[in-house]
Amino acid sequence: MRALIAGTFDPITVGHNDMIRRASLMFDEIVVVIFNNSEKQNFFTDKQRIEMVDIACAHIKNVSIDSHNGMLAEYMHRNGINIIIKGVRNVSDFTYEYMLAEINRSVYDNIETLFMPSKPEYQHVSSSVVREFLKHGADISKLVPPSVLEYIKGVKK
């Protein structure tokens, strides 16, 4: 069985990476799809975000990576995937993700959303925090996987 994990991954964090790893233990294949959010200005290019997810997930054998600029529900329908896994760090995340789950189901009623609570040590981690730290030259070593940290250091030279 296949499941999808979607996000902007701008950049991928230790929380994202942990969720992907945990989900990979439950499904035959995890398809990580990098989307663009029309309400956000990306910090990294599409190519860079794909490369970061690829290197962060290189050790997880049943993960494939794709990107898409359209609607999530459309992507899922076209690719025969009906399970999406969404990470939630807190009640606010859950409320927002629950609303999106209902929207996706209204487009295609066979889409099921599974919510995966983050581990406590990752509840404060977000791509937004990483980007803010990067803007101010702060240490992100505890927020992104080591391979992604090395990648970012190479990009930001």
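Values in this document were obtained by computation on a predicted structure and should not be read as measured data.

Caption draft 1: Inspection of the nonpolar core at higher detail. One finds Ile 5, Phe 9, Ile 12, Ile 20, Ile 30, Ile 85 and Ile 140 to be the most contacted residues of the largest nonpolar core, which totals 32 residues. When contributions to this core are tallied by element, the ones reaching two or more residues are β1 (2–7), α1 (14–24), β2 (29–35), α2 (46–56), β4 (83–88), α5 (127–135) and α6 (146–155). For Ile 12, the contacting residues outside a window of four places in its chain are Asn 17, Ile 20, Met 52, Val 53, Ala 56, Cys 57, Val 144, Pro 145 and Val 148. Ala 73, Met 76, Tyr 108 and Ile 111 belong to the second-largest nonpolar core, a separate cluster that totals 13 residues.

Caption draft 2: Up close: the pattern of salt bridges. Tallied over the entire structure, the rule returns 12 salt bridges. Residue Arg 131 pairs with Asp 10 through a salt bridge whose shortest N-O separation is 3.9 Å. Placement of the pair is Arg 131 in helix α5 and Asp 10 in the loop between β1 and α1, with a sequence separation of 121 residues. The burial state of Arg 131 is the same as that of Asp 10; both residues are buried. A salt bridge links Asp 18 to Arg 22, with the shortest nitrogen-to-oxygen separation between them at 3.1 Å. Of the two residues, Asp 18 and Arg 22 both sit in helix α1, four residues apart, roughly one turn of that helix. Among the charged side chains, a salt-bridge network with shared partners connects Asp 18, Arg 21, Arg 22 and Lys 119.

Caption draft 3: Representation of α6. Of the positions making up α6, those classed as buried are Val 148, Leu 149, Tyr 151 and Ile 152. The arc that holds every buried residue of α6, seen down its axis, measures 160°, which confines them to one face.

Caption draft 4: Examining the environment of Ile 85 more closely. In this fold, Ile 85 is placed in strand β4. Exposure remark for Ile 85: the relative accessible area of 2% places this residue in the buried category. Measuring from C-alpha to C-alpha, the distance between Ile 85 and Leu 114 comes to 4.8 Å, with 29 residues separating the pair along the chain.

Caption draft 5: Here's a closer look at helix α4 (residues 91–107). When the terminal C-alpha atoms of α4 are compared, their 25 Å separation across 17 residues agrees well with the 24 Å that a helix rising 1.5 Å per residue should span. For α4, the set of buried residues is Asp 93, Glu 97, Ala 101 and Asn 104. Angularly, the buried residues of α4 cover 65° about the axis, an arc narrow enough to put them on a single face. Exposed residues lying more than 90 degrees from the buried face of α4 are Val 91, Ser 92 and Ser 106. Buried residues along α4 sit in contact with α3 (72–78), β4 and β5 (112–117). A distance of 3.1 Å separates the backbone nitrogen of Ser 92 from a side-chain oxygen at the start of α4, and that oxygen is part of Asn 90.

Caption draft 6: Just the pairing of β1, in detail. Among the six residues of β1, five are classified as buried, and the element is accordingly described as predominantly covered. Pairing between β1 and β2: six bridges, direction parallel. Considered in β2, the bridge of Ala 3 is made with Ile 30.

Caption draft 7: Inspection of the packing of aromatic side chains at higher detail. Within this structure, the stated rule accounts for four aromatic pairs. Aromatic rings pair up to connect Phe 94, Tyr 98 and Phe 115 into one cluster.

Caption draft 8: Structural view of the packing of α2 against α6. Remark: α2 packs on α6, axes separated minimally by 8 Å, with the N-to-C direction vectors making an angle of 150°. The angle between α2 and α6 falls in the class roughly antiparallel. Taken as a pair, α2 and α6 cross one another with a handedness that is right-handed. Contact residues: Gln 48, Glu 51, Met 52, Ile 55 and Ala 56 in α2; Ser 147, Val 148, Tyr 151, Ile 152 and Val 155 in α6.

About the criteria used
- Residues numbered from 1 in each chain as written.
- Predicted model: local features only at pLDDT ≥ 70, side-chain atom pairs only at ≥ 80, totals over all residues.
- Heavy atoms only, no water.
- Core = buried A, V, L, I, M, F, W, Y, C linked by side-chain atoms within 4.5 Å.
- Buried < 20%, exposed > 50% of the residue type's maximum accessible area, 1.4 Å probe, protein only.
- Helix = DSSP H or I, 4+ residues; strand = E, 2+ residues; numbered from the N terminus.
- Contact = heavy atoms within 4.5 Å.
- Salt bridge = Lys/Arg side-chain N within 4 Å of Asp/Glu carboxyl O.
- Arc of directions from axis to C-beta.
- Expected span 1.5 Å × (residues − 1).
- Polar contact = N/O pair within 3.5 Å; in protein donor to acceptor, adjacent residues only side chain to side chain.
- Pairing = 2+ DSSP bridges.
- Phe/Tyr/Trp six-rings, centres within 6.5 Å; stacked < 30°, edge-to-face > 60°.
- Axes fitted to C-alpha atoms, helices over the stretch in contact; angles between N-to-C directions.
- Parallel < 35°, antiparallel > 145°, perpendicular 65-115°, else oblique.
- Left-handed = near helix turned anticlockwise from the far one by under 90°.

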